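# Observations on the model geometry
Letter by letter, the chains look like this.
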Amino acid sequence: MQRSAINQIVRSATGESLPARHLYDASRIEDIFRQARDRESGLTLLLLSTADGRAVAEDSVLGVDGRRLAAMANSFLTLGETVSRELSLSEAEHATVCTRQGNVVLIRVNADKPMTLTAVAAVEVNLAVLLFHARECAAKLETVLRTRAA
């Protein structure tokens, strides 16, 4: 029996809630991710996660564990927001990680509940272009997530 099946059985037995991905309209989120990837083919990962670090939806060619990445990404963005507040700056709009192999942008998605969008692009994609597409994607997600059925 696979670990995910065991986890679902345990959740059912303990009354634990459904995984985060079952609480949202995955097809609409995936459509937004697909549109972003169509507009910028250099995007290698788009990940939407809850503020407590649970993966909701993922579109990736990187072969990473979205569940682990969701927790780390949210923690990183939250830390950036905390640093911004501590320095008495305005609210942090995003956080970035720049590497020789590509860049990462993390954006808070202000839906019914705060969420985190992680966008990763290959090094060929300029950081400003990545940020533009990540912001556009986040704005579309906010609209969908605010109008989702309960």
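Just above, that's the structure.
Below or above, wherever it landed, is the structure these notes cover. (Residues numbered from 1 in each chain as written. Predicted model: local features only at pLDDT ≥ 70, side-chain atom pairs only at ≥ 80, totals over all residues. Heavy atoms only, no water.)

## Digging into a nonpolar patch on the surface
A contiguous nonpolar surface patch, about 400 Å² in accessible area, is contributed by Leu79, Val83, Leu87 and Leu89. Structurally, Leu79 is set in helix α3 (residues 66–86). (Patch = residues over 30% accessible without salt bridge, like charges linked within 9 Å, V, L, I, M, F, W, Y side chains within 5 Å. Areas by Shrake-Rupley, 256 points an atom, 1.4 Å probe, with all protein chains shown as cover. Salt bridge = Lys/Arg side-chain N within 4 Å of Asp/Glu carboxyl O. Helix = DSSP H or I, 4+ residues; strand = E, 2+ residues; numbered from the N terminus.)

## So, the pattern of salt bridges
Scanning the model with the defined rule gives seven salt bridges in all. Salt-bridge contacts for Arg67 lead to Asp65; the nearest nitrogen and oxygen are separated by 3.4 Å. Looking at Arg67, the relative accessible area reads 56%, which means it is exposed. Glu93 serves as the salt-bridge partner of Arg135, at 3.0 Å between the closest nitrogen and oxygen. Of the two residues, Arg135 sits in helix α4 (residues 127–146) while Glu93 sits in the loop between α3 and β3 (94–99), which places them 42 residues apart along the sequence. A residue is classified by how much of its surface remains accessible, and Arg135, at 42% relative accessible area, is partly exposed. (Buried < 20%, exposed > 50% of the residue type's maximum accessible area, 1.4 Å probe, protein only.)

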